[in-house]
Amino acid sequence: CSIGCLGSLGALVGDERSHVIVAGAGPVARLVAALLAPAGGATLVDTNAARARAAAAEGLAVVVGSFLDEEVLEEAGAATAGRLVAVTANPEVNLLAARIGAQRFGIPETLAALPPESSGAVEEMLKEFGGRLMFGRRIDTAQWDASLAAGEVSELTYAVAGPEAVRSVGGPVDTATTEIESLPIVIRRASGTEPFTDDGALEEEYSVLGIGRPLRARTLPTESTLLAD
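Residues numbered from 1 in each chain as written. Predicted model: local features only at pLDDT ≥ 70, side-chain atom pairs only at ≥ 80, totals over all residues. Heavy atoms only, no water.

Chemist: Sorry, what's going on with the packing of aromatic side chains here?
Modeler: Any pair of aromatic rings gets described here by the distance separating the centres and the angle formed by the planes. Counting across every chain of the model gives zero aromatic pairs. Sitting over the face of the ring of Trp144, Arg213 holds its NZ or CZ atom 3.8 Å from the ring centroid. (Phe/Tyr/Trp six-rings, centres within 6.5 Å; stacked < 30°, edge-to-face > 60°. Lys NZ or Arg CZ within 6 Å of the ring centre and 35° of its normal.)

Chemist: Would you take a moment to explain the nonpolar core for this structure?
Modeler: Counting 30 residues, the largest nonpolar core has Val32, Leu44, Val87, Met134, Phe135 and Ile185 as its most contacted members. For this core, the secondary structure elements donating two or more residues are strand E2 (19-23), helix H2 (27-36), strand E3 (42-46), helix H3 (49-57), strand E4 (61-64), strand E9 (180-189) and strand E11 (207-214). Looking at this core, the element that brings in the most residues is H2, giving six residues. Val87 has contacts with Val22, Ala23, Ala29, Asn94, Ala113, Met134, Phe135 and Thr141, leaving out every residue within four places of it along the chain. Of all hydrophobic cores here, the second largest spans 24 residues; its members include Ile21, Leu95, Leu126 and Leu133. (Core = buried A, V, L, I, M, F, W, Y, C linked by side-chain atoms within 4.5 Å. Buried < 20%, exposed > 50% of the residue type's maximum accessible area, 1.4 Å probe, protein only. Helix = DSSP H or I, 4+ residues; strand = E, 2+ residues; numbered from the N terminus. Contact = heavy atoms within 4.5 Å.)

Chemist: Where do I start with the environment of Thr80 in this structure?
Modeler: Counting through the fold element by element, Thr80 comes out in the loop between helix H4 (70-76) and strand E5 (81-86). With 26 residues separating them along the chain, Thr80 and Gly106 place their C-alpha atoms 9.0 Å apart.

Chemist: Honestly, helix H5 (residues 91-105) in this entry has me stumped. Any pointers?
Modeler: An α-helical segment advances 3.6 residues per turn. Residues three or four places apart therefore align on the same side. Here H5 is 15 residues long and its end C-alpha atoms lie 20 Å apart, about the 21 Å a rise of 1.5 Å per residue gives. For H5, the set of buried residues is Asn94, Leu95, Ala97, Ala98, Ile100, Gly101, Ala102 and Phe105. Downstream of H5 by a residue or two, Gly106 has a phi angle that is positive, lying close to 65 degrees. (Expected span 1.5 Å × (residues − 1).)

Chemist: Would you mind going over the sheet that holds strand E8 (residues 154-159) with me for this structure?
Modeler: Read across the sheet, four strands follow the order E8-E11-E9-E10 without closing on themselves; strand pairing throughout is antiparallel. A strand with exactly one partner marks an edge of an open sheet, and here the two such strands are E8 and strand E10 (192-195). Sheet twist, expressed as the average angle between the axes of neighbouring strands with direction ignored, equals 35 degrees. The sheet contacts of helix H7 (residues 141-149) involve E9 and E11, and relative to E11 the element is tilted by about 80 degrees. (Pairing = 2+ DSSP bridges. Axes fitted to C-alpha atoms, helices over the stretch in contact; angles between N-to-C directions.)

Chemist: Before we go on, may I ask you to explain the pairing of E9 in this structure?
Modeler: Every other side chain in a regular strand lies on the same face of the sheet, so the side chains alternate between the two faces. Within E9, seven of the 10 residues are buried, which leaves the element mostly enclosed by the surrounding structure. Here E9 pairs with E11 via eight bridges, running antiparallel. Pairing of Val186 across the sheet is with Leu209, part of E11. Pairing of E9 with E10, which is carried by four bridges, proceeds in the antiparallel orientation. Directly across from Arg188, in E10, lies its bridge partner Thr193. Hairpin connection, E9 to E10: the antiparallel pair is bridged by two residues.

Chemist: For this particular structure, what's the right way to read the environment of Pro214?
Modeler: Note that Pro214 resides in strand E11. The class of Pro214 is partly exposed, set by a relative accessible area of 25%. Ignoring sequence-local partners within four residues, the contact set of Pro214 consists of Glu152 and Glu179.

Next up, the structure:
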């Protein structure tokens with residue numbers, strides 16, 4: 001079944017390979033979709049009906065179903081998608097979703113979120129089919145979902161002053177000297193908006209949009225907290 005599918009499919013007409021598919025419909029995934037496709041050219045895919053309803057309530061197009069089901073991907077517009085971003089709390093699903101998007105649907109740009117405990121071998125598997133690491137570093141998506149759901153984050157927008165510094169710490173501030181942890185999501189430049197990744201182009205005066213939270217907000221989420229979204 002689907003929620004808001006007609007809106008997503010309509011956006012594909014006459015605009016080949018410009019659509020964005022996001023695996024997951026949790027708080028982080030919804031924010032990624034909103035920032036990457038502010039005009040509504042994104043479709044989220046999630047098996048969880050509550051998260052799908054939350055996405056639809058925010059005006060986002062969403063398909064309810066497994067991202068590993070090719071029919072579900074076809075319904076989401078994978079055949080004409082130019083970018084796939086997998087940001088569920090399950091790294092195995094993220095990796096498989098990115099692989100399916102790249103190898104079975106020929107989606108040119110595939111990105112996946114991976115957790116801090118994932119091995120270098122997992123990142124190599126991602127790179128084998130041209131995938132990239134979303135957010136520029138490994139993150140705990142479930143924790144960021146919980147922080148967003150609890151209202152513990154604030155929006156961040158900043159102009160890049162030192163590209164290498166931003167790459168190394170993931171934001172405009174160094175967590176060693178502040179109490180803020182930042183999560184960069186997109187890079188905005190004159191030619192358009194692109195995801196913040198581990199190897200994306202980053203130059204001075206580019207704008208970065210993301211979120212930040214107090215370091216003390218790193219708490220483990222409960223299942224009830226996530227389902228409440």
